[in-house]
Amino acid sequence: AEGNKFIAVDATVKNTGSGSEFLSQSDFTVQDSSSYKYEATFHDFKTPTFATNTIGKDGTIRGWVIFEVPSDIRGPKLVFKTGFWTTKEIKVKL
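Residues numbered from 1 in each chain as written. Predicted model: local features only at pLDDT ≥ 70, side-chain atom pairs only at ≥ 80, totals over all residues. Heavy atoms only, no water.

Student: What is the right way to look at the packing of aromatic side chains in this model?
Tutor: The geometry of two aromatic rings is summed up by the distance between their centres and the angle between their planes. One pass over the structure, following the stated rule, counts three aromatic pairs. When the centroid spacing of 5.3 Å and the interplanar angle of 75 degrees are considered together, the rings of Phe 6 and Phe 45 count as edge-to-face. Of this pair, Phe 6 sits in strand β1 (residues 4-14) while Phe 45 sits in the loop between β4 (37-41) and β5 (53-55), and the two are 39 residues apart along the sequence. In this structure Phe 6 comes out as partly exposed when scored by relative accessible area, which is 39%. Residue Phe 45 is classed as partly exposed on the basis of its relative accessible area of 48%. With a centroid separation of 4.9 Å and 45 degrees between ring planes, the pair formed by Phe 28 and Phe 80 is classed as tilted. Within this pair, whereas Phe 28 is found in strand β3 (residues 28-31), its partner Phe 80 is found in strand β7 (residues 77-80), the two being separated by 52 residues in sequence. When sorted by exposure, Phe 28 lands in the same class as Phe 80, which is buried. A connected cluster of aromatic rings, assembled from ring pairs, spans Phe 28, Phe 50 and Phe 80. (Phe/Tyr/Trp six-rings, centres within 6.5 Å; stacked < 30°, edge-to-face > 60°. Helix = DSSP H or I, 4+ residues; strand = E, 2+ residues; numbered from the N terminus. Buried < 20%, exposed > 50% of the residue type's maximum accessible area, 1.4 Å probe, protein only.)

In short, geometric facts, not functional conclusions.
Here it is, written out as structure tokens:
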């Protein structure tokens, strides 16, 4: 959309837990300095995309996650949260 830009993140996730984990692009958001969150979009101009998948113990998945955000976004952070019921988040400054 006009006034927006794309942020592309090359994401790698390793399952260090004891069981399988279901992962998808929806586990990632970008959060700005005002705490607004932007969901991943499903553009495929960077490949391979981060595919929805179940990974077993010690398994790894890698792929591009794309976000459409305002061009003037301030303080963007990548937020990773696995599972609908968890409150644990990993935040990385972009």
